Amino acid sequence: MSPIVFAIPVFLLAMVLELWLARRRGLQVYRTADAVTSLHLGIMSQFVGSITRVMALGIYAAMVDKVGAFTWDEKNPATWVFALLLYDFLYYWYHRAGHEVHLLWAAHVVHHSSEDYNLSTALRQTSSGFLFGWVFYLPMALLGIPFKVFVIVGLVDLLYQFWVHTELVGRLGWMDRVFVTPSNHRVHHGQNDYCIDKNYGGILIVWDRLFGTFAPEREGEKILYGVRKPLLSWNPIWGNLMTYRDILKTAWVTKGWRNKGMAVFAGPGWQSNERPQHAEFQPERFQRFDVSAADQASRGLQAISLAGMLAATTALLYFLITTQGMTQTERMLYVTVMILVLAALSKLWKRAST
Amino acid sequence: MINSLAMTDALLCVVTAWGASRASLQPALRLACGLLAIASFLGVLRFSGVYPLPSLHLFFSMLGAISALPLLAIAVVNPASQVASTVRFAWIFFVASGAVGVLCVSLAGIRLVSDAAALIAVLCILIFSLFKHAAISAVIGLILLLGLLSMALKWQVVGFLQSADLLHLSLAVGIFLTMRFSFLSTRSNT
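## Points about the overall build of chain A
Scanning chain A from N- to C-terminus turns up 16 helices and zero strands. In terms of C-alpha radius of gyration, chain A reaches 21 Å, essentially the compact-globule figure of 20 Å for 354 residues. The buried share among the 354 residues of chain A stands at 53%. Carbon and sulfur atoms make up 65% of the accessible area of chain A, which amounts to about 17,000 Å² in all. In chain A, 32 side chains carry a positive charge and 25 a negative one; their mean positions are 4 Å apart.

See the structure below:
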């Protein structure tokens, strides 16, 4: 059974705890529509991942079989430590490419599209990461790191990153210098000038220090979360496709093959003469995307939205528990229906706000 | 008996490792050299029997064909291009072409893809040079083409040299000349 099944209740409880703690401190770190959208995106990524994971993990397993150079003792702790370090190192480069190459940014942007920063943001995951992610972990397959070790250290790396998505934990002294911590990762999610393309590490921040992408959190400069080209939607399908469409559109209208290539492979900040998109970022003019005041006040709407999200979570848990017994067609059907349900749930807010 | 494959791979390894370490070379050329250096080093380990890792050697040889030779061709044909002149785009090209190689050659077993990529890259160098009347790069293209043909047609020119030896030698000579050619063009530009 997928370990995610056990992690989901822990994640939900941690979010309730964070909400409670924030209220006790008089802070507002959650907005219902944003948090529910984060969870919808997380649920969708799990549904899509249940099908696409076969591809990414299958490639890894096949490559270990075909090319794997060395044999590793799974009972030796050194194997696990080495594998985790190597995975984290490769994750750094995958993550960095995800920010600095437009095509890869299209997959990763979803995770940064929230303009809040709380534990639900950690679950706002992409559904299209399977397309390119596997390439970056091939060195592990070439070294012959066993499939089981790869999957488990990958999960450890991913789960570690959950707790760093919070505003409630401040500076942590020496830990901030070695590990990815809430303080370091807040910078990564910021759109202030000093935050752009910084702090890519997964578990260790040491990689950023080594490769010149580290920036400490600044006292007295409030971090504005989100991306400079905001999503402006609660729809999880659109959230996953928006930047791909943007790239296609820009590449289409841009003149010259060189520039078309730049539209796809340059950084997200690259500007096409034919389709300039980025105005200068002005922090003082930044406004978070939100639902209308009436919707914010509507307890009924919030309750329906939360109930829908909880029902979708239950459907995901049921799916993850029973998926082994399903045929591929049943699986595809289930996933398709759930994606449509999630998209429909997102319309609650849109309809109410217009 | 002389272990010719290990020796010619060692020669290729020295030439390409030297190329990869030259900061003055174009990023695409250095990356191509680096890939070929790894492949030829694994070849030395394999053919000398010191530490044979045949599957890894074949894998890096495939990368050499599908990524390194096209990078080399781009560096010769269009040295001002983003792929040839920037580290970032050279790496993007390598990752993208490498991914195609993994999917088509390593997993699907379609070796034709890497063979075709290598052949097209070398033909591009040759044809471009002929059109531009660039004698040095035409010679480079011709040497590389002969190396590929010797491998494909299993030529054995000298008794103790196998067809793969000719490929190793042609790559070593071709890359050495490319580096010299690159130095010349750098000097003439400055």
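## Points about the layout of surface pockets
By volume, the second largest pocket amounts to about 1,300 Å³. Along its surface, the second largest pocket is lined by 43 residues, and V135(A), F136(A), W91(B), F94(B) and V95(B) are the ones closest to its centre. Listing elements by their share of the lining of the second largest pocket, those giving two or more residues are α3 (77-100), α4 (102-112), α6 (133-136) and α7 (138-143) of chain A together with α2 (27-48), α3 (54-77) and α5 (87-107) of chain B. Ranked by residue count, the leading element in the lining of the second largest pocket is α5(B), at eleven residues. Its residues placed into classes, the lining of the second largest pocket shows 38 nonpolar, two polar and three charged.

## Topic: the nonpolar core
Formed by 81 residues in total, the largest nonpolar core has its most connected members in M63(A), W134(A), M140(A), L56(B), F59(B), F60(B) and L63(B). Sort the elements by how many residues they give to this core and α3(B) lands first, with 14 residues. In contact with M63(A), not counting residues within four places along its chain, are G68(A), L138(A), A141(A), L142(A), F59(B), V102(B), S106(B) and L107(B).

## Description of the environment of L153(B)
If you trace the backbone, L153(B) turns up in the loop between α7 (135-152) and α8 (163-189). Sequence separation of L153(B) and S163(B) is ten residues, and the distance between their C-alpha atoms is 8.1 Å.

## As for the pattern of salt bridges
All names here are of chain A. Within this structure, the stated rule accounts for 13 salt bridges over all chains. Residues K148 and E74 are paired through a salt bridge, measuring 3.4 Å at the closest nitrogen-oxygen approach. A residue pair is termed long-range when its members are at least 10 positions apart, and K148 in helix α8 (residues 147-160) and E74 in the loop between α2 (32-67) and α3 qualify at 74 residues. A relative accessible area of 47% means that K148 is categorised as partly exposed. K229 is paired through a salt bridge with D246; the nearest N and O atoms lie 3.0 Å apart. In this pair, K229 sits in the loop between α11 (206-211) and α12 (236-253) while D246 sits in helix α12, placing the two residues 17 residues apart along the sequence. A relative accessible area of 4% means that D246 is categorised as buried. Three or more residues are tied together by salt bridges with common partners; here these are R31, D34, D116, R124 and R288.

## Focus on helix α6 (residues 112-132) of chain B
Residue and element names in this part refer to chain B. The terminal C-alpha atoms of α6 lie 29 Å apart, and with 21 residues this matches the ideal 30 Å at 1.5 Å per residue to within 8%. When α6 is considered as a whole, its buried residues turn out to be S114, A117, A118, A121, V122, I125, L126 and S129. Relative to the axis of α6, the buried residues are bounded by an arc of 160° and lie together on one face. Structural note: α6 exposes L112, I120, L130 and F131 on the side pointing more than 90 degrees away from its buried face. Those residues of α6 hidden inside the fold are in contact with α3, α5 and α7. In the segment just after α6, H133 is the residue with positive phi, at about 55°.

## Considering the confidence of the model for chain B
All names here are of chain B. Across chain B, the average pLDDT comes to 91, with 95% of residues at 70 or higher. Ranking the helices and strands of chain B by mean pLDDT puts α2 first, with 96, and α8 last, with 80. Of the regions scoring below 50 in pLDDT, residues 186-190 engages in zero contacts with residues more than four places distant in sequence or in other chains. Our summary of model confidence lists the complex with pTM equal to 0.92 and ipTM equal to 0.87.

## Some thoughts on the interface of chain B and chain A
Between chain B and chain A, the residue contacts involve 16 residues of the former and 19 residues of the latter. Summed over both sides, the interface between chain B and chain A buries roughly 1,500 Å², with carbon and sulfur atoms accounting for 77% of that surface. Between chain B and chain A we count zero salt bridges in total. If you list the elements that add at least two residues to the side of chain B that touches chain A, you get α3 and α5 of chain B. Ranked by the residues each element gives to the side of chain B that touches chain A, the list is headed by α5(B), at nine residues. Looking at side-chain class alone, the side of chain B that touches chain A contains twelve nonpolar, three polar and one charged residues.

## Description of empty space enclosed by the protein
All names here are of chain A. Per the counting criterion, the structure on display carries two cavities of 30 Å³ or more. Counted as a void, the largest cavity has a volume near 80 Å³. Surrounding the largest cavity, 13 residues form its lining, D34, S113, S233, W234 and F289 being those nearest its centre. In this structure, the second largest cavity spans a volume of roughly 50 Å³.

## Topic: the packing of α3(B) against α6(B)
Residue and element names in this part refer to chain B. Where α3 contacts α6, the axes come no closer than 8 Å and their chain directions differ by 15°. As summarised for this structure, α3 and α6 are arranged roughly parallel, according to the angle between their axes. Crossing of α3 over α6 shows left-handed handedness. Two secondary-structure elements touch here, α3 through M62, A65, I66, L69, P70, A73, V76 and V77 and α6 through V113, S114, A117, A118, A121, C124, I125 and F128. Classifying every residue of the contact of α3 with α6 gives 15 nonpolar, one polar and no charged.

## Comments concerning the side chain of K260(A)
Mapped onto the elements of the fold, K260(A) is located in helix α13 (residues 257-265). Each residue touching K260(A), except ones within four places of it in the same chain, is listed here: A251(A), W252(A) and T254(A).

What counts and how
- Residues numbered from 1 in each chain as written.
- Chains lettered and ligands numbered in written order.
- Predicted model: local features only at pLDDT ≥ 70, side-chain atom pairs only at ≥ 80, totals over all residues.
- Heavy atoms only, no water.
- Helix = DSSP H or I, 4+ residues; strand = E, 2+ residues; numbered from the N terminus.
- Rg over C-alpha atoms; globule rule 2.2 N^0.38 Å.
- Buried < 20%, exposed > 50% of the residue type's maximum accessible area, 1.4 Å probe, protein only.
- Areas by Shrake-Rupley, 256 points an atom, 1.4 Å probe, with all protein chains shown as cover.
- Lys, Arg positive; Asp, Glu negative; His and termini not counted.
- Charge placed at Lys NZ, Arg CZ, Asp CG, Glu CD.
- 1 Å grid on protein atoms, 1.4 Å probe; cavity = no way out; pocket = protein on both sides within 12 Å on 5 of 7 lines; lining within 4 Å.
- Points joined across faces, edges and corners; volume = space filled by probe spheres on them.
- Nonpolar A, V, L, I, M, F, W, Y, C, P; charged D, E, K, R; others polar.
- Core = buried A, V, L, I, M, F, W, Y, C linked by side-chain atoms within 4.5 Å.
- Contact = heavy atoms within 4.5 Å.
- Salt bridge = Lys/Arg side-chain N within 4 Å of Asp/Glu carboxyl O.
- Expected span 1.5 Å × (residues − 1).
- Arc of directions from axis to C-beta.
- pLDDT = per-residue confidence, 0-100.
- Buried area = accessible area lost by both parts, 1.4 Å probe.
- Axes fitted to C-alpha atoms, helices over the stretch in contact; angles between N-to-C directions.
- Parallel < 35°, antiparallel > 145°, perpendicular 65-115°, else oblique.
- Left-handed = near helix turned anticlockwise from the far one by under 90°.

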